[in-house]
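A closer look at the structure
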Amino acid sequence: MPKKIMVVDDDPYIVDYLVSVFEDHGYHTCRASDGVSAYDVAIEEKPDLITLDLEMPNEWGPRFYRRLTQEDQFSGLPVIVISGLSGIHLAIKRAVATIKKPFDPSEVIEIVRDTIGDPDD
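Now for a description of the structure that goes with this document.

Scoring rules and cut-offs
Residues numbered from 1 in each chain as written. Predicted model: local features only at pLDDT ≥ 70, side-chain atom pairs only at ≥ 80, totals over all residues. Heavy atoms only, no water. Buried < 20%, exposed > 50% of the residue type's maximum accessible area, 1.4 Å probe, protein only. Helix = DSSP H or I, 4+ residues; strand = E, 2+ residues; numbered from the N terminus. Pairing = 2+ DSSP bridges. Right-handed = clockwise from strand over helix to strand, strands pointing away.

Along strand S1 (residues 4-8), five of the five residues are buried, which leaves the element largely enclosed by surrounding structure. Looking at chain direction, S1 and strand S2 (residues 28-32) are connected through five bridges and run parallel. Of the residues in S2, the one forming a bridge with Met-6 is Cys-30. Regarding topology, helix H1 (residues 12-24) serves as the crossover connection from S1 to the parallel S2, and that connection is right-handed. Sheet analysis places S1 next to strand S3 (residues 49-52), joined by four bridges and oriented parallel.

Written out as structure tokens, the structure reads:
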């Protein structure tokens, strides 16, 4: 089964764009628009990697990620931070990458492949 990437961002255009980029490259996807719903989606979908915005309603990205990775099954889950905020490299120290919006989709795919491999590996 292809690897799954969860896209978490409160901007529906960014979510749709990233989902289409990942699916065009053969990955399965799931999505959430804030940290509260992202937790439930992650528990149900069990993604292999998360792309995460920082500033979202209801629960900020870093708080969601901290809460999620306290669960044993997600303790090593890789995350790519994609945000328009400054200082994003400090937000989640365990992030495999921090990318500033606007971003180059080929850079995101390269980081995904370096982190979790091709979709069917």
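All right, on to unusual backbone geometry then. With an omega dihedral of -5°, the bond running from Lys-101 to Pro-102 counts as a cis peptide bond. One non-glycine residue, Lys-46, lies in positive phi territory at about 50°. Relative to the assigned elements, Lys-46 resides in the loop between helix H2 (35-45) and S3. You will see that Asn-58, though not glycine, has its phi angle at about 70°, which is positive. By relative accessible area, which is 66% here, Asn-58 ends up exposed.

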